[in-house]
Amino acid sequence: MNNKIVALTLTGSLCATLAGAALAADAGSYERPVAVAAADTAAPAASTGDDDFAEWEQDTTVEVSDPLETVNRGVFWFNEQADRFVIKPVAKGYDWLLPKPVKRGVSNVFDNLFTPVVAVSDLLQGNFQESAEDVGRFVVNSTVGVVGIFDVATGWGLEKRREDIGQAFGAWGIGSGPYLVLPILGPSNVRDGVGLVGNYFLSPQNYIEDDETRWGVVLLGGIDTRYRLLDASAVLEQAALDRYAFVRSSYAQHRQNLIENKDAGKAVPAASFGQ
């Protein structure tokens, strides 16, 4: 067996053991962490319905340009099938198989790996103090927090924020452009799609030299993202007659609120696995 794979396996086992030992004390109060990148606010309970969606939209609805709706609906259908038969079952198996403290540690690691994106986004928006705090948070959690398994920085007063390059573009006044549904990744638009390129180059895991290790980390990150959205996707499955239109409207409103720093921490009533 490849020595690098053996080393990665041993390291992963050690990290899981550390996470379990350190977090076992408060495991009873554990709740599934909320998803990010696109679902970076708390997932609603499964009973949430269209009334909650209407309330969340408030008085106005963000206008969505969707000239590629026919193509987008085709990609949306493909994503739903991939999610139904492959992605969601894997995420549910992951949820069932691993202890809650270990899943929390994994989620913390990927939140930490996203912090450089947050720091650059804050910097691009002129939020210099927040950007400096983001850098400090990344350094603390990457060292004292053991590559991010433990969220030490929050206890030290370094707040966790969720910003990305697409949000920075929006803060500059760049319009969203036409709505897009990306294969596997889910809802987006032209502005946020370009932002994803910036997110990619700022993510440390994409610079792992060993291909097998890098793709293993990327795959685990995808599973973690879908695991975090299990509750939110249950809402989507029962809340709307036209799920495509529901996700499109939810995504546009959610991104606009993020850009305007509104509704921080509030529930998004619908999300796709790609959000």
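First, a word on what this report is: a plain description of the structure on this page. (Residues numbered from 1 in each chain as written. Predicted model: local features only at pLDDT ≥ 70, side-chain atom pairs only at ≥ 80, totals over all residues. Heavy atoms only, no water.)

**A word on empty space enclosed by the protein**
Within this structure, the stated rule accounts for 2 cavities of 30 Å³ or more. Approximately 70 Å³ is the volume found for the largest cavity. Where the lining of the largest cavity is concerned, the elements lending two or more residues are helix H4 (100-124) and helix H5 (128-143). For the lining of the largest cavity, the element with the most residues is H4, which contributes 4 residues. Class assignment of the residues belonging to the lining of the largest cavity gives a composition of no nonpolar, 5 polar and 4 charged. (1 Å grid on protein atoms, 1.4 Å probe; cavity = no way out; pocket = protein on both sides within 12 Å on 5 of 7 lines; lining within 4 Å. Points joined across faces, edges and corners; volume = space filled by probe spheres on them. Helix = DSSP H or I, 4+ residues; strand = E, 2+ residues; numbered from the N terminus. Nonpolar A, V, L, I, M, F, W, Y, C, P; charged D, E, K, R; others polar.)

**Looking at the pattern of salt bridges**
Here the structure, examined in full by the defined rule, presents 19 salt bridges. With a closest N to O distance of 2.7 Å, Asp 83 and Arg 226 form a salt bridge. Here Arg 226 lies in helix H9 (residues 211-228) and Asp 83 lies in helix H3 (residues 69-97), a separation of 143 residues in the sequence. Its relative accessible area of 10% is what places Asp 83 among the buried residues. (Salt bridge = Lys/Arg side-chain N within 4 Å of Asp/Glu carboxyl O. Buried < 20%, exposed > 50% of the residue type's maximum accessible area, 1.4 Å probe, protein only.)

**Remarks on unusual backbone geometry**
Residues other than glycine predominantly adopt negative phi, and peptide bonds predominantly adopt the trans conformation. The phi angle at Val 146 is positive, at roughly 55 degrees, despite the residue not being glycine. Looking at where Val 146 falls in the secondary structure, it is placed in the loop between H5 and helix H6 (152-155). The class of Val 146 is partly exposed, set by a relative accessible area of 29%.

**With respect to the nonpolar core**
Judged by nonpolar contacts, the single largest core of 16 residues is most densely connected at Tyr 94, Phe 110 and Val 140. Of all the secondary-structure elements, those providing two or more residues to this core are H3, H4, H6 and H9. The dominant element in this core, judged by the number of residues it contributes, is H4, at 4 residues. In contact with Phe 110, other than residues within four places in its own chain, are Val 217, Leu 220, Gly 221, Asp 224 and Arg 228. By size, the runner-up hydrophobic cluster in this structure holds 9 residues, among which are Phe 76, Phe 246, Val 247 and Tyr 251. (Core = buried A, V, L, I, M, F, W, Y, C linked by side-chain atoms within 4.5 Å. Contact = heavy atoms within 4.5 Å.)

**Description of the environment of Arg 255**
Structurally, the position occupied by Arg 255 is in helix H11 (residues 243-259). The spatial distance from the C-alpha of Arg 255 to the C-alpha of Ser 188 is 9.4 Å, given a sequence separation of 67 residues. If we skip the residues at most four places from it in the chain, Arg 255 touches Asp 164, Gly 166, Gln 167 and Asp 192. For Arg 255, the side chain forms a polar contact with the side chain of Asp 164, separated by 2.9 Å. For Arg 255, the side chain forms a polar contact with the side chain of Asp 192, separated by 3.0 Å. (Polar contact = N/O pair within 3.5 Å; in protein donor to acceptor, adjacent residues only side chain to side chain.)

**Re the packing of aromatic side chains**
If you walk through the whole model with that rule in mind, you get 6 aromatic pairs. The interplanar angle of 50 degrees and the centroid separation of 5.6 Å between the aromatic rings of Phe 169 and Trp 172 together place this pair among those described as tilted. Residue Phe 169 is classed as buried on the basis of its relative accessible area, which comes to 18%. Taking the relative accessible area as the measure of exposure, Trp 172 reaches 47% and is therefore partly exposed. Clustering of aromatic rings is evident, with ring pairs tying together Phe 76, Tyr 179, Tyr 244 and Tyr 251. (Phe/Tyr/Trp six-rings, centres within 6.5 Å; stacked < 30°, edge-to-face > 60°.)

**Points about the pairing of strand E1 (residues 179-182)**
Along a regular strand, successive side chains alternate from one face of the sheet to the other. The pairing of E1 with strand E2 (residues 186-189) spans 4 bridges and is classified as antiparallel. Within E2, the position partnered with Leu 180 by the bridge is Ser 188. With antiparallel pairing between neighbouring strands as the criterion, E1 and E2 make up a hairpin whose turn holds 3 residues, including Ile 184 at a positive phi of roughly 70 degrees. (Pairing = 2+ DSSP bridges.)

**Thoughts on the side chain of Ser 121**
Counting through the fold element by element, Ser 121 comes out in helix H4. For Ser 121, a relative accessible area of 0% gives the class buried. There is a polar contact of 3.0 Å between the side chain of Ser 121 and the side chain of Gln 125. Other than its neighbours up to four places away in sequence, Ser 121 contacts Glu 163, Asp 164, Ile 165 and Ala 168.

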